[in-house]
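# Results of the structural survey
So you can see what is in the structure, the chains are spelled out below.
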Amino acid sequence: MILLKKTCLIAIFSFVQISVAQDANVMNQGTIFGNSIAPTQAGQIVNPGVVNLNAWGNNTSAPLSTPNGLGGFSAPHTQGTDLEQAKTIGLAGLGNAAMDRCASYVPTGDPAKDQECAAVNFLSQRCLTPSAGQAQIMSKAGAGSNQAQLLSS
């Protein structure tokens, strides 16, 4: 009975190792396939010459407009100051600017702005001001926010 259990365990662990291993040939085939369907012209999503057009609804080009009903996502910032600011200060700079902008934000009723600052403050660990005891524990653990570090000083 014990031998049967050991044999089953060895078979299971062997199968798991075999099923997740990728050899170079399989990786190479995947790379070749990915390169074969890559767009050949600007504005394409995929190469229309190698995909089943019925599967793509005979439309392999990038959409020219965004769908309605997606809130702010229906009108993305593709030009102007927001785009230029993103190019200038980068993703980290945008994150730091959002943290500064939301640090003392008071909800206004604008769902997009309220949700943005709620998320930014959550990720900045500024949801609730910790008590003095909590702040001391958080600062000792190295996981404190600026508020916690200020309160423990």
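Read on for a plain summary of the structure. Only a predicted model underlies this, so the values are computations on that prediction, with no experimental measurement involved.

Conventions adopted
- Residues numbered from 1 in each chain as written.
- Predicted model: local features only at pLDDT ≥ 70, side-chain atom pairs only at ≥ 80, totals over all residues.
- Heavy atoms only, no water.
- Axes fitted to C-alpha atoms, helices over the stretch in contact; angles between N-to-C directions.
- Helix = DSSP H or I, 4+ residues; strand = E, 2+ residues; numbered from the N terminus.
- Parallel < 35°, antiparallel > 145°, perpendicular 65-115°, else oblique.
- Contact = heavy atoms within 4.5 Å.
- Nonpolar A, V, L, I, M, F, W, Y, C, P; charged D, E, K, R; others polar.
- Buried < 20%, exposed > 50% of the residue type's maximum accessible area, 1.4 Å probe, protein only.
- Salt bridge = Lys/Arg side-chain N within 4 Å of Asp/Glu carboxyl O.

With that settled, the discussion passes to the packing of helix 3 (residues 81–102) against helix 4 (residues 111–123). Helix 4 packs onto helix 3 with a crossing angle of 105 degrees between their chain directions and a minimal axis gap of 9 Å. Classified by the angle their axes make, helix 3 and helix 4 are roughly perpendicular. Contacts from A98, M99, R101 and C102 of helix 3 reach helix 4 at E116, C117, V120 and N121. Here the contact of helix 3 with helix 4 is composed, by residue class, of five nonpolar, one polar and two charged.

Across the chain, the bulk of peptide bonds are trans and the bulk of non-glycine residues have phi less than zero. Positioned with a positive phi, Q125 is a non-glycine residue whose angle comes to about 60 degrees. Along the chain, Q125 falls in the loop between helix 4 and helix 5 (132–141). Of the residues examined, Q125 reaches a relative accessible area of 38% and is grouped as partly exposed.

Once that is clear, we can look at the pattern of salt bridges. Following the criterion strictly, the structure yields two salt bridges and no others. Residues K87 and E84 are paired through a salt bridge, measuring 3.7 Å at the closest nitrogen-oxygen approach. Of the two residues, K87 and E84 are both situated in helix 3; the distance of three residues between them amounts to about one turn of the helix. Assessed through its relative accessible area of 59%, K87 is described here as exposed. A salt bridge links E116 to R101, with the shortest nitrogen-to-oxygen separation between them at 2.5 Å. Of this pair, E116 sits in helix 4 while R101 sits in helix 3, and the two are 15 residues apart along the sequence. Judged by relative accessible area, which is 34%, E116 ranks as partly exposed.

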